[in-house]
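Coordinate analysis (summary)
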Amino acid sequence: MADDVVPKTFRALVESAEKKYARVRDLPAYGRWGTSNHYFHKVFKAYMRLWKYQQENRAKLTECGLQRWEIGEIASRIGQLYFSQYMRTSEVRFLLESYIFYEAILHRKYFEGSGKDRMVRFKELRFYARFLMVSLILNRSEMVKLLVEQFKAIVDDSRAAFPGTNFKEWRLVVQEIVRFTRVDSPSPDARPLRYCALFDSHPSSRPYVARFHAKKVLKFRDALLTSYHKSEVKFAELTLDTYRMLQCLEWEPSGSFYQRSPVEPRENGAVTDQSVTSGLIDINLAAEMMDPALPPNPKKAVLYRPSVPLLISVVATMCEELPPESVVLIYISASGNTNPSTASHTESSSSSRKSSKNIALSRTSYEQKSALHENYINTNGDTGQYFENCLCLGPSRSGGSNNLYPGDLIPFTRRPLFLIIDSDNSHAFKVLHGAERGEKSALFLSPLRPSFKNSGTDVTQSGSQFTLFLAAPLQAFCQLVGLVSSDKDMDCFDEADGIISTAFAEWEVNLCTSTSLDLVWAQVLSDSFLRRLILRFIFCRAVLALFCLQEREDQYLPACLPKLPDTFSPNSGTVQSAIRRLAKLLQVSDCFRFE
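Described in the following lines is the structure provided in the data block. Predicted model only: the values in this text are computed from it and were never measured. (Residues numbered from 1 in each chain as written. Predicted model: local features only at pLDDT ≥ 70, side-chain atom pairs only at ≥ 80, totals over all residues. Heavy atoms only, no water.)

Let's talk about the nonpolar core
Heads up, the rule is: Among buried residues, those of type Ala, Val, Leu, Ile, Met, Phe, Trp, Tyr and Cys that are joined through side-chain atoms within 4.5 Å constitute a nonpolar core. Under the scheme applied here, a residue whose accessible area is under 20% of the maximum for its type counts as buried, over 50% as exposed, and between as partly exposed, the area being computed with a 1.4 Å probe on protein chains only. The helix and strand labels rest on DSSP assignments: H or I over at least four residues marks a helix, E over at least two residues marks a strand, and numbering proceeds from the N terminus. Where each domain starts and ends comes from a domain assignment, either automatic or drawn from a database. Contacts are assigned to residue pairs that have any heavy atoms within 4.5 Å of one another.
One finds Leu329 and Phe592 to be the most contacted residues of the largest nonpolar core, which totals 147 residues. Here this core takes 13 residues from helix H23 (residues 528–546), the largest share from any one element. A domain-level breakdown of this core finds at least three residues from each of domain 1 (4–184) and domain 2 (205–253 + 283–338 + 390–591). If we ignore the near neighbours within four places in the chain, the residues touching Phe592 are Phe477, Leu480, Val481, Val543, Leu546, Phe547, Cys548 and Ala583. Counting 36 residues, the second-largest nonpolar core is a separate cluster that includes Tyr386, Tyr405, Leu409 and Leu561.

Considering the side chain of Glu73
Structurally, Glu73 is set in helix H4 (residues 68–89). By relative accessible area, which is 17% here, Glu73 ends up buried. When near neighbours in sequence (up to four residues on either side) are disregarded, Glu73 contacts Phe111 and Lys123.

Observations concerning the environment of Phe537
Checked against the element boundaries, Phe537 lands in helix H23. Taking the relative accessible area as the measure of exposure, Phe537 reaches 0% and is therefore buried. Remark: the alpha-carbon pair of Phe537 and Ser446, spanning 91 residues in sequence, is separated by 9.7 Å. In contact with Phe537, not counting residues within four places along its chain, are Phe444, Phe466, Leu470, Pro558, Ala559, Cys560 and Leu564.

Thoughts on empty space enclosed by the protein
Note the cut-off: Buriedness for pockets is judged along seven lines, at least five of which must meet protein on both sides within 12 Å for an open set on the 1 Å grid over protein atoms alone, while cavities are sets there where a 1.4 Å probe fits but cannot get out, and lining residues have an atom within 4 Å of a point. Grid points are joined across faces, edges and corners, and a volume is the space filled by probe spheres set on the points. Gly counts as polar in this scheme, as do all residues outside two lists: the nonpolar Ala, Val, Leu, Ile, Met, Phe, Trp, Tyr, Cys and Pro, and the charged Asp, Glu, Lys and Arg.
One pass over the structure, following the stated rule, counts two cavities of 30 Å³ or more. Approximately 40 Å³ is the volume attributed to the largest cavity. Together, Leu218, Val327, Pro416, Leu417, Phe418, Lys440, Ala442, Val520, Gln523 and Val524 line the largest cavity. Looking at the lining of the largest cavity, its residues break down into eight nonpolar, one polar and one charged. The calculated volume of the second largest cavity comes to roughly 30 Å³. Lining the second largest cavity, in full, are Tyr86, Met87, Ser90, Leu246, Glu250, Lys300 and Val302. For the lining of the second largest cavity, the elements supplying multiple residues, two or more each, are H4 and strand S4 (299–304). For the lining of the second largest cavity, a count of residues per class yields four nonpolar, one polar and two charged. In terms of domain composition, the lining of the second largest cavity takes at least three residues from each of domain 1 (4–184) and domain 2 (205–253 + 283–338 + 390–591).

Written out as structure tokens, the structure reads:
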């Protein structure tokens, strides 16, 4: 019958789009970027065809029984598709597109009335969880608050509406997001974590940065971010530490995102929407929000609690695909393990489980590892320094299979690496300096213990102090001395921001004009993200060194290798003067000792 053509065509388009989406969903979010982009293009094209068809045939489809939640499910899938592509490419325009689709679903109430159908209710819960993730990463704090309230209400209603169904997992998701937002709650006027030209490009030092050119200049292309701590703050598969570093390594898409009017629910959805039943979603809005002058973000692989073999394989892929004259940043936040353990025991126990058809491969792998192990032997024949202390990327009961040793990273030093190790065993990775196999690596190593004025501060409840210094220096400073936003007015914090900005501008000039700056730092200084990390490290080290402590200081200080010039040491008058002005302004000078 002719009347069946439209619904049959629609169902066929739905089935085709879902099959293509399944291929993209199963692809890893890292490595082989071209392959994933190829699949993404095909599935995106299928969903755009489906979306356009339901728009053009909305009346007929509604007559044939099309439900509003089905339209919402299509839009939600497109939003999910955009978000997954953002995670693969780090292009914020995909994140913005995802937000636009999710916001339209919320305002048009596509899932309203789901309390009568358990399947639809689960779709609605997944929509809220995904929209929360997108809003978090975009720093839409007002929208996050609104979504958290509605999400909690829907989970509570689900328990009453479907008494025979276990909603324990969804209650845990609610607890996660509430805990996450309670910890990550900067003041409304706080600077964005992303690189913003308004704040992070200092006019007085800009000419020096523009003229600076080392003998060798590296481009920042790729980053790997991961963390594992017991009871760490997280939402879904994004931990607080990786969340902060993720944004720290991206450009702020538009100045309008810094001071955006609060989100208010609207009856008719987006501006382009004239009715509750409209299926129109403007997919070109993201292009208007982006500054075309911004360079691309470095691609980031965000790994949630990876196994050590997975982490090593991702690093290997990045190094293999890294363009010439480029650098990879590796950020790892994890607890340390100082118990002696030999890698060979782990390897032999793993090999014993392999099937007979893999014996030849295992023997080859063993021979390669043996040769590699021999290369690590120093002049004293000692290999323990590379395979003793480690980071634990999993529960301690799992033993050596989750242990990452400094020696595991040495093969990748054939390419330029920028390593940030945030751990209570970070200094064990000092042995990498001088053990590189081709390119000297840049190392930032966290303090072994955090410092706080209030000794009762729980690091697992607030994220890593060192990471916070690299992502939000003023917020980390205030946390250190026990200040909260209510302790001072906004004008005071604006002035504090100005002091830090002025200091960073002065330090930039000194970096660009230094005659004793190691090539490792000079070759990455032209990159905005890495230069900002270097400045924030200098600030962090100085603040912690001047902070009054009763115990051994070396446990509370970060380290960098190769060393930066003495001009940037905590004892430098230039560095100390900035910390002194900041402490005086915030009336916490008694927390520091100045020369």
